[in-house]
Amino acid sequence: MCAERHCPEPADCAAEFASGAWAECADCGGSGYDTTGFDIWCPVCAGSRVVEV
């Protein structure tokens, strides 16, 4: 999704989310963080905690 980035148009981000099918990111278990123990965003979902299915 738009993750932790500031979206120039939040309404566009919300519309994209509403129009797609999303699932919890399996790579981070829906935490949004990398699993190495460091507080960095998950490289797969970029911190958004969900991925498009």
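What you see is a predicted model, and the numbers here were worked out from it, not measured in a lab.

Chemist: Let's hear about the side chain of S48: which residues, and what values?
Modeler: Within the secondary structure, S48 is located in the loop between β1 (22–24) and β2 (50–52). Since its relative accessible area comes to 11%, S48 is described here as buried. There is a polar contact of 2.9 Å between the side chain of S48 and the backbone oxygen of C45. Within polar-contact distance, the side chain of S48 engages the backbone oxygen of V50 at 3.1 Å.

Chemist: So what's going on with a negative patch on the surface? Which residues, and what values?
Modeler: A cluster of acidic residues, E9, D12, E16 and E52, forms a negative patch at the surface. On the secondary structure map, E16 appears in helix α1 (residues 10–19). Judged by its relative accessible area of 43%, E16 falls in the partly exposed class.

Chemist: Pulling in residues and values, what's your account of the confidence of the model for the chain?
Modeler: A low pLDDT means the predicted coordinates there should not be read in detail. Chain-level pLDDT for the chain is 84 on average; 87% of the residues reach the 70-or-more range. β1 holds the highest mean pLDDT among the elements of the chain, 94, whereas α1 holds the lowest, 83.

Chemist: I'd like a description of the packing of aromatic side chains, backed by residues and values.
Modeler: With the rule as written, the count across this model stands at 2 aromatic pairs. Ring geometry for F17 against W22: centres 5.5 Å apart, planes inclined by 25 degrees, an arrangement best described as stacked. Ring centres of Y33 and W41 lie 5.1 Å apart, and the angle between their planes is 25 degrees; on these two criteria the pair is classed as stacked.

Scoring rules and cut-offs
- Residues numbered from 1 in each chain as written.
- Predicted model: local features only at pLDDT ≥ 70, side-chain atom pairs only at ≥ 80, totals over all residues.
- Heavy atoms only, no water.
- Helix = DSSP H or I, 4+ residues; strand = E, 2+ residues; numbered from the N terminus.
- Buried < 20%, exposed > 50% of the residue type's maximum accessible area, 1.4 Å probe, protein only.
- Polar contact = N/O pair within 3.5 Å; in protein donor to acceptor, adjacent residues only side chain to side chain.
- Patch = residues over 30% accessible without salt bridge, like charges linked within 9 Å, V, L, I, M, F, W, Y side chains within 5 Å.
- Areas by Shrake-Rupley, 256 points an atom, 1.4 Å probe, with all protein chains shown as cover.
- Salt bridge = Lys/Arg side-chain N within 4 Å of Asp/Glu carboxyl O.
- Lys, Arg positive; Asp, Glu negative; His and termini not counted.
- Charge placed at Lys NZ, Arg CZ, Asp CG, Glu CD.
- pLDDT = per-residue confidence, 0-100.
- Phe/Tyr/Trp six-rings, centres within 6.5 Å; stacked < 30°, edge-to-face > 60°.

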